[in-house]
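Below, each chain spelled out in residue letters.
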Amino acid sequence: MFTLIDSVALTQTEKRATREHKSAFIKDVRESVDKHKSLYLFSYENMRSNKFKDVRLHFRGTAKEEPSRIFLGKNKLLQLALGRTPEEEYSDNLRHVAKRITGGCVGVLSTSRSRNDVEGYFSSYSEPDFARAGSVSPREVLVNSGMLDAFPVSMMEQFRKLGMPVEIQNGKVVFRDGVSEFRICKEGETLSAEKCKLLVHFGIKITNFKVGLVCRWENGEFELLE
């Protein structure tokens, strides 16, 4: 039988595990500061884990160098690890990095790679990606009747639910009323989830996954890069 005592003990265990996890994360961040030459704060757009794998692989390192570390999420813990005030900061001027760790789209790179390597990599890194709901379309997107030929008739109902006026003619999906093309979105439009799904179905990538460097810290020196 599950008793109140069992419940209290489990809760205490979970709280202890959470505290230990947080402490381990903070320790991990600080050890990376000690091991590496510099620290970068970066921001990113249109985050998808499969895209960020490329970044992680680039900074994984070799047998001759200490692997760089990337920390994503846990913004409050990152702030605690680096320190938000002159009294709290783990090393001189890290507070300037910590106070810029805001919002959900930032991360920290701790590395011994050269400045040219790091900044050159990020300045040129951009990967085409599918738009996400709430993003703004950078251009108009039209699909024509010929593009429907690749889809089975079973897609008709799904297209209709996504707002595309289609029907079945002669065993094929076509636009209704003899229309030859359909505009999924226009430039400057805030994209709905339905329109993003249509873009995915047609394999149209209109955004880019980018990582921008916000600031840099090295040996107590802080520098804004934006």
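Residues numbered from 1 in each chain as written. Predicted model: local features only at pLDDT ≥ 70, side-chain atom pairs only at ≥ 80, totals over all residues. Heavy atoms only, no water.

This part takes up the overall build of the protein. Each helix and strand in the protein was counted, giving seven helices and 10 strands. Residue burial in the protein is summarised as follows: out of 226 residues, 37% are buried. A separation of at least 24 residues holds for 75% of the contacts in the protein among residues at least 6 apart in sequence. Within the structure as shown, the protein displays about 13,200 Å² of accessible surface, and the carbon and sulfur contribution to it stands at 49%. (Helix = DSSP H or I, 4+ residues; strand = E, 2+ residues; numbered from the N terminus. Buried < 20%, exposed > 50% of the residue type's maximum accessible area, 1.4 Å probe, protein only. Contact = heavy atoms within 4.5 Å. Areas by Shrake-Rupley, 256 points an atom, 1.4 Å probe, with all protein chains shown as cover.)

Looking at the protein as a whole, its pLDDT mean stands at 88, while 88% of the residues score no less than 70. A low-confidence stretch, residues 1–5 (pLDDT under 50), is modelled with two contacts involving residues beyond four sequence positions or located in other chains. (pLDDT = per-residue confidence, 0-100.)

A few words now on helix α5 (residues 115–124). Buried residues of α5: V118, Y121 and F122, and no others. Projected onto a plane normal to the axis of α5, the buried residues spread over an arc of 90° and lie on a single side. The exposed set on the far side of α5, more than 90 degrees from its buried face, consists of N116, S123 and S124. (Arc of directions from axis to C-beta.)

Side chains carrying opposite charge are able to pair once their charged atoms draw close together. Counted by the stated rule, this structure contains 11 salt bridges. Between R84 and E88 there is a salt bridge, with the nearest N and O atoms lying 3.9 Å from each other. Between R113 and D117 there is a salt bridge whose closest N-O contact spans 3.3 Å. Residue classification places R113 among the buried residues on the basis of a relative accessible area of 12%. (Salt bridge = Lys/Arg side-chain N within 4 Å of Asp/Glu carboxyl O.)

Another point: the pairing of strand β3 (residues 106–111). Looking along a regular strand, one sees side chains alternate from face to face of the sheet. Burial runs high along β3: six of the six residues are buried. Of the two faces of β3, the one holding V106, V108 and S110 and the one holding G107, L109 and T111 are both buried throughout. Here strand β1 (residues 38–45) pairs with β3 via six bridges, running antiparallel. When the bridges of β3 are listed, L41 appears paired with V108. (Pairing = 2+ DSSP bridges.)

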